[in-house]
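Here's the letter readout for the chains.
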Amino acid sequence: MSIQYPARERLANLPTPLQPLDRISEQFSLPHGGPKIWIKRDDLTESAMSGNKLRKLEFIIAEARARGCNTLITCGGEQSNHCRATALAAAKTGMKAHLILRGGSGTGAPETPDGNLLVDYLAGAQVSLYPMREYVDTLPQLFEQWARFYEQQGDRALCIPTGGSDGLGIWGYLLAAEELLEDCRREGFAPDRLICASGSGGTQAGLTLGCQVFGSSADVTAYAVCDSTDYFIDKVRQDVADWAHRYRQAFPFDESRIHVIDDYIGPGYAIATEEIYQTIALAAQLEGILLDPVYTGKAFHGMLQDIKQGKYSGCKNLVFVHTGGQFGVFPQRTGFQNSWSQQ
Ligand SMILES: *Cc1c(COP(=O)(O)O)cnc(C)c1O
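Rules of the game
The residue count restarts for each chain, going from 1 along the sequence in the order it is written. Where totals are concerned, whole chains, interfaces and linings use all residues; where local detail is concerned, this predicted model gives features only for residues with pLDDT of at least 70, and gives and counts side-chain atom pairs only at 80 or more. Working from all heavy atoms in the structure, the side-chain values ignore hydrogens and water. UniProt positions are given in the numbering used here, feature names are shortened, and annotations may be inferred rather than shown by experiment. Strands are treated as partners if at least two bridges between them are detected by DSSP. A run of H or I in DSSP counts as a helix once it spans at least four residues, and a run of E counts as a strand once it spans at least two, with each numbered from the N terminus. Whenever a helix is involved, its axis is fitted only over the stretch in contact; in every case the axis is a line through C-alpha atoms, and angles between N-to-C directions fall within 0 to 180 degrees. Contact definition: two residues touch when any of their heavy atoms are within 4.5 Å. In this scheme, a helix's expected span is set at 1.5 Å multiplied by one less than its residue total. Each residue is placed in one exposure class: buried if its accessible area under a 1.4 Å probe, protein chains only, is under 20% of its type's maximum, exposed if it is over 50%, and partly exposed if it falls in between. To be near a molecule or strand, a residue needs just one of its heavy atoms within 4 Å of it. Polar contact is the term for a pair of N or O atoms within 3.5 Å; when the atoms are in protein, one must be able to donate a hydrogen and the other to accept it, and sequence-neighboring residues count only if both atoms are side-chain atoms. A pocket here means an open set of points on a 1 Å grid, computed over the protein atoms alone, that has protein on both sides within 12 Å along at least five of seven lines. A cavity is instead a set of points where a 1.4 Å probe fits but cannot get out; residues with an atom within 4 Å of a point line either one. Pocket or cavity membership: a molecule qualifies when more than half of its atoms sit within 2 Å of the grid points of that site. Only Asp, Glu, Lys and Arg are considered charged in this grouping, and only Ala, Val, Leu, Ile, Met, Phe, Trp, Tyr, Cys and Pro are considered nonpolar; every other residue, Gly among them, is considered polar. Residue ranges for the domains trace back to a domain assignment, done automatically or taken from a database. Grid points are joined across faces, edges and corners, and a volume is the space filled by probe spheres set on the points. Think of it this way: a Phe, Tyr or Trp ring, Trp meaning its six-membered ring, pairs with another when their centres are within 6.5 Å, and the plane angle makes it stacked under 30 degrees, edge-to-face over 60, tilted otherwise. Think of it as a cone above the ring: NZ of Lys or CZ of Arg counts as a charge over the ring if it is within 6 Å of the ring centre and within 35 degrees of the ring normal.

- Where an unreviewed UniProt entry is consulted, the chain appears under the name D-cysteine desulfhydrase, with the organism given as Microbulbifer hydrolyticus.
- Recorded under Cofactor (unreviewed entry), the UniProt text for the chain is reproduced unchanged: "pyridoxal 5'-phosphate".
- As stated in UniProt under Sequence similarities (unreviewed entry), the record for the chain gives "Belongs to the ACC deaminase/D-cysteine desulfhydrase family."

Written as structure tokens, this is what we have:
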């Protein structure tokens, strides 16, 4: 099926590379009867703007321009990759960015901002930090309040939902699915399974829909980093329904092909355990790849455990989608104390 994409602002370096993870496959998968593991390098969509959110922002920013907006308002955790990418993309396209952030400690801006938050400030974004409780209870009102604030100044704001995940943002991963299937064809195989991390569900929704739209038999398995399996099944359904409604798509989406694993969230969102830090070190030491402790480290760890337990034994080729997150490594530097050895 060929598909008519809406307008897109070119920001990402596409296609991103598809690479084999030979050393990890040989040590951790093939001996267990598991698949050959490939990695789709969406951590390389850009340098500062890196990661999966940039693919969604290409469509979101084009929509903002079409609506005559000059300001982007969005939200997330204090170390949100989505907010960092939005701040930089806004700067690049001459727009203002306002970030509504869920503060860790809830006592305002940290004295020395780190990781993504540091980049938010460098990019010139306006940052409003709220305590967890206030953020959770009043997020829609915070969006309204800030949108009104900009309207009163003569600006026009587009409000982007958490992670850019809705019927608009998922175009980014519909396009990514098409690109990835073409990458695999070029390498001479058809993937049996795609793996990604799910935080707000849009990446999973776009990939799951994309595999169906472009006629791939590969299913997408998402490893949740928060919430639950039921939450993400519902969220993917909603994003796809929003897409179908907004863009008048009559595609018969098969909801039974939404797969979520919520066994590897650990103590909670953005809280990693020793085994996650160790898996991040393993990927760095065997493949030269940097995973992050919030999303990709947990998903990759879960995938390796499940391979060991035979869950993917029917697969020959599995593609892990590296969605980025590098800046999230540094604020968690103290977690890596046991991750290397020195003579
Ligand atoms: C946001 C994010 C995800 C999750 O993507 P969603 O579309 O929000 O589910 C995964 N990895 C990284 C690094 C992210 O920043």
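**A closer look at the sheet that holds strand β4 (residues 96-103)**
Move 1: Pairing in this open sheet of four strands is parallel, and the strands run β5-β4-β3-β6 from one edge to the other. Taken across any chain shown, the strands that pair with only one partner, and hence form the sheet edges, are β5 (126-131) and β6 (157-159). The sheet shows a mean angle of 20 degrees between the axes of neighbouring strands, direction not considered.
Move 2: Along the sheet, helix α3 (residues 81-92) contacts β3 (71-77) and β4; its crossing angle with β3, the most-contacted strand, is approximately 160 degrees.

**Quick look at helix α9 (residues 274-287)**
Move 1: With 14 residues, α9 should reach 20 Å at 1.5 Å per residue; the first-to-last C-alpha distance of 20 Å fits that figure.
Move 2: Residues of α9 that are buried: Ile 276, Tyr 277, Thr 279, Ile 280, Ala 281, Ala 283 and Leu 286.
Move 3: Packing partners of the buried residues in α9 comprise α1 (22-29) and α10 (296-308).
Move 4: One or two steps after α9, the chain reaches Gly 288, where phi turns positive at roughly 70 degrees.

**A closer look at the UniProt feature "modified residue: N6-(pyridoxal phosphate)lysine" (unreviewed entry) in the chain**
Move 1: As recorded in UniProt, the sites labelled "modified residue: N6-(pyridoxal phosphate)lysine" (unreviewed entry) are Lys 53.
Move 2: By the element assignment, Lys 53 lies in helix α2 (residues 53-66).
Move 3: The exposure class of Lys 53 is buried, given its relative accessible area of 10%.
Move 4: Not counting residues up to four positions away in its chain, the partners in contact with Lys 53 are Asn 81, His 82, Ala 85 and Gly 163.

**Quick look at the site of the ligand**
Move 1: Lining the immediate environment of the ligand, one finds 16 residues, of which Lys 53, Lys 56, Ser 200, Thr 203 and Thr 323 sit closest.
Move 2: Contact distances for the ligand include 2.7 Å between an oxygen atom and a side-chain N or O atom of Thr 203.
Move 3: Among the detected pockets, the ligand sits in the largest pocket.
Move 4: Counting only elements with at least two residues in the shell around the ligand, the list comes to α2, β7 (193-198) and α7 (202-213).
Move 5: Of the residues that constitute the shell around the ligand, the class distribution is two nonpolar, twelve polar and two charged.
Move 6: Each of domain 1 (18-50 + 166-336) and domain 2 (53-164) gives at least three residues to the shell around the ligand.

**Considerations on the environment of Leu 99**
Move 1: Relative to the elements of secondary structure, Leu 99 occurs in strand β4.
Move 2: Linking Leu 99 and Val 127, residues 28 residues apart in sequence, is a C-alpha distance of 4.9 Å.
Move 3: Here Leu 99 is in contact with Thr 74, Cys 83, Ala 87, Asp 120, Ala 125, Gln 126, Val 127 and Ser 128, once residues within four sequence places are set aside.

**A word on the layout of surface pockets**
Move 1: Quantified by volume, the largest pocket comes out at close to 1000 Å³.
Move 2: Considering the residues around the largest pocket, the lining is formed by 47 residues, among which Gly 76, Gly 77, Arg 102, Tyr 269 and Tyr 295 are closest to the centre.
Move 3: Of the residues forming the lining of the largest pocket, the biggest block, four residues, is contributed by helix α5 (residues 132-152).
Move 4: Looking at side-chain class alone, the lining of the largest pocket contains 14 nonpolar, 26 polar and seven charged residues.
Move 5: Both of domain 1 (18-50 + 166-336) and domain 2 (53-164) provide at least three residues apiece to the lining of the largest pocket.

**With respect to the environment of Glu 179**
Move 1: Along the chain, Glu 179 falls in helix α6 (residues 171-187).
Move 2: Looking at Glu 179, the relative accessible area reads 13%, which means it is buried.
Move 3: When the C-alpha atoms of Glu 179 and Thr 323 are compared, they prove to be 15 Å apart, with 144 residues separating the residues in sequence.
Move 4: What Glu 179 contacts, discounting residues up to four positions off in sequence, is Leu 14, Pro 15, Thr 16, Lys 40 and Arg 55.

**Some thoughts on the packing of aromatic side chains**
Move 1: Taken as a whole and assessed by the stated rule, the structure comprises 13 aromatic pairs.
Move 2: Considering the side-chain rings of Phe 149 and Tyr 150, the 5.1 Å spacing of their centres and the 90 degrees angle between planes classify their relative orientation as edge-to-face.
Move 3: Aromatic ring contacts, followed pair by pair, group Tyr 5, Phe 59, Trp 171, Trp 243 and Tyr 247 into a single cluster.
Move 4: Its end group placed over the ring of Tyr 295, Lys 53 keeps NZ or CZ at 5.5 Å from the ring centre.
Move 5: Directly above the ring of Tyr 173 sits Arg 55, whose terminal nitrogen or CZ lies 5.6 Å from the centroid.

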